[in-house]
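One letter stands for each residue in the lines below.
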Amino acid sequence: MSVIENLIKPAHLIDMKDIIREGNPTLRAIAEEVSFPLTDEQILLGEKMMQFLHNSQDPVMAEKLGLRGGVGLAAPQLDVSQRIIAVLLPNPDDENGKPPKEAYALREVMYNPKIVAHSVQDAALADGEGCLSVDRDVPGYVVRHARVTVDYFDKNGEKHRIKLKGYKAIVVQHEIDHLNGIMFYDRINEADPFAIKDDMLILE
Ligand SMILES: [Zn+2]
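Residues numbered from 1 in each chain as written. Predicted model: local features only at pLDDT ≥ 70, side-chain atom pairs only at ≥ 80, totals over all residues. Heavy atoms only, no water.

Caption draft 1: Structural detail: the coordination of the zinc ion. At the metal site, the zinc ion is ligated by C131 (SG), H174 (NE2) and H178 (NE2), and these contacts range over 2.0 to 2.3 Å. On the basis of relative accessibility, which here comes to 4%, the residue C131 falls in the buried class. The exposure class assigned to H178 is buried, which follows from its relative accessible area of 1%. (Donors = N, O, S within 2.8 Å, 3.2 Å for Na, K, Ca; no water. Buried < 20%, exposed > 50% of the residue type's maximum accessible area, 1.4 Å probe, protein only.)

The structure is reproduced here in structure tokens:
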């Protein structure tokens with residue numbers, strides 16, 4: 001049975017055992033573009049990836065399945081070298097502690113996502129980044145574009161163009177990097193991990 005066939009079995013819930021870790025060469029490969037129409041396997045894989053993110057953010061399911069929380073997942077992390085990512089970014093509670101009107105700031109499975117334009121300004125998360133494929137803390141600012149325009153296709157083969165800034169832009173860039181064999185720590189200044197270049201935005 002192929003890796004994908006195993007992942008998309010109806011009863012299968014993706015868990016940490018399905019996620020490959022740094023050192024596996026698939027994480028350093030350039031993933032293949034998908035072609036349209038997508039196969040049923042590719043559509044189901046996208047759905048399973050999104051289901052994983054939902055489970056990872058659900059305290060009960062995360063505990064049951066032993067999941068680390070995640071807001072994004074790229075197919076190469078499942079040892080599938082195809083250009084597919086899933087992003088699930090919850091909105092925070094409002095200032096009164098009530099749930100937000102829109103539960104998610106971004107909830108999307110993207111096929112062949114591509115950065116087609118970006119700001120000159122850079123940005124980094126104040127607390128650095130983590131990755132489900134990296135079982136250690138790597139401190140430092142992960143230098144990324146502050147704003148990006150991303151083209152991608154949905155499961156129906158329809159093309160979308162979105163403009164992202166802030167945390168959304170960071171997460172999507174992290175996932176697209178996985179399609180190009182780039183790990184987040186590649187973007188940390190090795191000599192000075194907390195160096196702030198020019199007008200780099202630090203996102204709290
Ligand atoms: Zn990652």
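There's plenty left to go through after this.
Caption draft 2: Summary view of the nonpolar core. Core analysis: the largest hydrophobic core is formed by 25 residues, its most contacted members being L45, M49, F52, L73, L78 and I84. Ranked by the residues each element gives to this core, the list is headed by helix α2 (residues 40-57), at five residues. What L78 contacts, discounting residues up to four positions off in sequence, is V3, L7, I14, D18, I19, L45, M49 and L73. Listed in part, the 17 residues of the second largest apolar core include Y152, A169, I176 and L179. (Core = buried A, V, L, I, M, F, W, Y, C linked by side-chain atoms within 4.5 Å. Helix = DSSP H or I, 4+ residues; strand = E, 2+ residues; numbered from the N terminus. Contact = heavy atoms within 4.5 Å.)

Caption draft 3: Examining the sheet that holds strand β4 (residues 122-125) more closely. What the three strands build is an open sheet, ordered β5-β4-β8; its pairing is mixed. Strand pairing shows two members of the sheet lacking a second neighbour, β5 (144-145) and β8 (201-203), which therefore form its edges. Judged from the three bridges that link them, β4 and β8 form a sheet pairing that is parallel. The residue bridging L125 from the neighbouring strand is L203, located in β8. (Pairing = 2+ DSSP bridges.)

Caption draft 4: The pattern of salt bridges, seen in detail. In this structure the tally under the stated criterion is twelve salt bridges. Between R136 and E22 there is a salt bridge, and its shortest N-O distance comes to 2.7 Å. Taken as a pair, R136 in the loop between β4 and β5 and E22 in the loop between α1 (3-7) and α2 lie far apart in primary sequence, 114 residues in all. Look at R136 and you get partly exposed, because its relative accessible area is 45%. A network of salt bridges, in which partner residues are shared, links E129, R144, D177 and R187. (Salt bridge = Lys/Arg side-chain N within 4 Å of Asp/Glu carboxyl O.)

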